[in-house]
Amino acid sequence: MARVLINLPTRARRGEIIEIKTLIAHPMETGYRLDSTGNAIARDIINRFVCNYNGEEVFRAELFPAIAANPFIAFWTIAVGSGELAFSWTDDHGQTQSEIRQITVE
Amino acid sequence: MKGLVLLMLVVAAMTTARAQTAPTERRSGYDFASPETRAMQDDDTANPGMLWVLQGETLWATKAGTADRSCADCHGDARTSMKGVAARYPAFDIALGHPIDLEQRINQCRAERQRAEPLAWESVDLLSLTAFVAHQSRGESIAAHTDSQLRPFSTLGKELFHRREGQLDLSCSQCHDDNWGKRLGGSVIPQGHPTGYPLYRLEWQSLGSLQRRLRNCVIGVRAEPYEYGAPENVALELYLMERARGMVIETPAVRP
């Protein structure tokens, strides 16, 4: 897990509703598919996504095998203050990809 | 006798290939896609193909091979050095004596300049580098081939495009020249212009090359697909680019 695209405004007015769009590269293998020799391909999906805004959780999602590869998650939050937004994606192997973006609120 | 003439007329009508789609009627696969798919392509932060472009940007600056050289060490800033390159590939390689496509050109650079192992077809690394290079040509028009040495190869491509193949006995042209805009199963048949490769297919849940798409189509008519990198595939790519000359590069495109 490495390739991530995050889109959010770098500046916002206090109280403004901002949209945050995230995209991460991941195969999201369902666990229901068989390989060419007929053996089940082990499940490997991102099962949890969390966004913390200055330490407070503002958005969380649980993901299941029906989600397509390279999941795109968009959500809204209220710009309450300057600081950082921390994003983390956790997969079935327990590996977590974390990203941090700064926002200035005036 | 009358019946025989009628039969001959019907056979003649069936075998006469309709002329290639006029330039003014040419449409990118983008125009046939749903508004949702188009919106995905138009927004760089929602376009999953950009994940590969991002990876390609990293690889561009990463040293590789025994020469310990990165693409950037020779070519510098890709935004200027690679602008328009994808719009004129496949191009004729003088040393080899035949045209090569962008993927093959990248692997040639790896072998000769970086002294590194070639990247496998459809591997994340090769797709990423190709997407990154082709992305620099987004908005550029596909160039008309002026190299006369390419002529026999585009002629071969054209012949392959019009040749009926497989158990379904269909040519590329019968779908993409004669029946574009109609539906095949649930999807609209596009005109087959390679404007956005490598592109993200929702069906593949991945980025894929034009050769992957060609092999898919050939398997679809139940014929034996050409191997990745086969001269027939490159000839088809060349003819398709010639057929699409003047159209705008969209890499990385998003298609259903």
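Please refer to the structure placed before this passage.
Residues numbered from 1 in each chain as written. Chains lettered and ligands numbered in written order. Predicted model: local features only at pLDDT ≥ 70, side-chain atom pairs only at ≥ 80, totals over all residues.

Visitor: It is not clear to me how the overall build of chain B should be interpreted in this structure. Could you clarify?
Guide: The number of helices and strands found in chain B is 12 helices and seven strands. The C-alpha radius of gyration computed for chain B amounts to 19 Å, which stays within 12% of the reference 18 Å derived for 256 residues, consistent with globular compactness. Considering only C-alpha atoms, chain B reaches an extent of 75 × 45 × 30 Å along its principal axes. For chain B, buried positions account for 37% of its 256 residues. Of the contacts formed within chain B by residues at least 6 apart in sequence, a portion of 73% connects residues at least 24 apart. (Helix = DSSP H or I, 4+ residues; strand = E, 2+ residues; numbered from the N terminus. Rg over C-alpha atoms; globule rule 2.2 N^0.38 Å. Buried ≥ 20, exposed ≤ 12 C-beta atoms within 10 Å, placed from the backbone. Contact = placed C-beta atoms within 7 Å.)

Visitor: I tried to follow the sheet that holds strand β3 (residues 17–24) of chain A on my own but got confused; where do I start?
Guide: Within a sheet, adjacent strands bond to each other through the backbone by hydrogen bonds, running parallel or antiparallel. All names here are of chain A. The antiparallel open sheet is built from three strands, whose spatial order is β1-β3-β6. For this open sheet the edge positions go to β1 (4–7) and β6 (72–78), each flanked by a neighbour on one side alone. With direction set aside, neighbouring strand axes in the sheet form an average angle of 15 degrees. The sheet contact formed by β1 and β3 spans four bridges and is antiparallel. When the sheet's bridge partners are listed, Ile6 is paired in β3 with Thr22. (Pairing = 2+ DSSP bridges. Axes fitted to C-alpha atoms, helices over the stretch in contact; angles between N-to-C directions.)

Visitor: Would you take a moment to explain the sheet that holds strand β8 (residues 96–105) of chain A for this structure?
Guide: All names here are of chain A. The strand order across the open sheet built from five strands is β2-β8-β7-β4-β5, with neighbouring strands paired in mixed fashion. The open sheet has two edge strands with one neighbour each: β2 (11–12) and β5 (56–62). Here strand β4 (residues 46–53) runs beside strand β7 (residues 83–91); their pairing, made up of seven bridges, is antiparallel. Along β7, the bridge assignment pairs Cys51 with Phe87.

Visitor: In this structure, what is going on with the interface of chain A and chain B? I would like to understand it.
Guide: Frequently, the measure chosen for interface size is the accessible area that the parts lose on association. In this assembly, 10 residues from chain A lie in contact with nine residues from chain B. The set of elements that each furnish at least two residues to the side of chain A that touches chain B consists of β1 and β3 of chain A.

Visitor: Can you help me understand the nonpolar core in this one?
Guide: Most often, soluble globular proteins have nonpolar side chains that are buried together. Grouped together as the largest cluster of nonpolar side chains are 56 residues, with contacts concentrated most on Leu51, Ala86, Ala131, Val133, Ala134 and Ala235 of chain B. Ranked by size, the runner-up nonpolar core spans six residues in total, among them Ile20, Ala79, Phe87 and Ile103 of chain A. (Core = buried A, V, L, I, M, F, W, Y, C linked by C-beta atoms within 7 Å.)

Visitor: How should I be thinking about the packing of helix α7 (residues 102–114) of chain B against helix α8 (residues 124–135) of chain B in this particular structure?
Guide: For any two helices packed against each other, the geometry is given by the interaxial angle and the distance between the axes. Residue and element names in this part refer to chain B. Remark: α7 packs on α8, axes separated minimally by 10 Å, with the N-to-C direction vectors making an angle of 110 degrees. One way to sum up the angle between α7 and α8 is to call them roughly perpendicular. Touching Leu102, Glu103 and Ile106 of α7 are Leu126, Leu129, Thr130, Val133 and Ala134, all from α8. Residue classes in the contact of α7 with α8 are distributed as six nonpolar, one polar and one charged. (Parallel < 35°, antiparallel > 145°, perpendicular 65-115°, else oblique. Nonpolar A, V, L, I, M, F, W, Y, C, P; charged D, E, K, R; others polar.)

Visitor: What should I look at first to understand unusual backbone geometry in this one?
Guide: The phi angle of most residues is negative, glycine excepted, and most peptide bonds adopt the trans form. The peptide bond linking Tyr89 of chain B to Pro90 of chain B adopts the cis configuration, its omega dihedral lying at 0 degrees. Topologically, Pro90 of chain B is positioned in the loop between α6 (78–81) and β1 (91–93). Cis geometry marks the peptide bond from Thr251 of chain B to Pro252 of chain B, where omega comes out at -5 degrees. With respect to the helices and strands, Pro252 of chain B occurs in the loop between α12 (231–243) and β7 (254–255). Positive phi outside glycine occurs at Asn70 of chain A, with the angle close to 55 degrees. Take Asn70 of chain A: it is sitting in the loop between β5 and β6.

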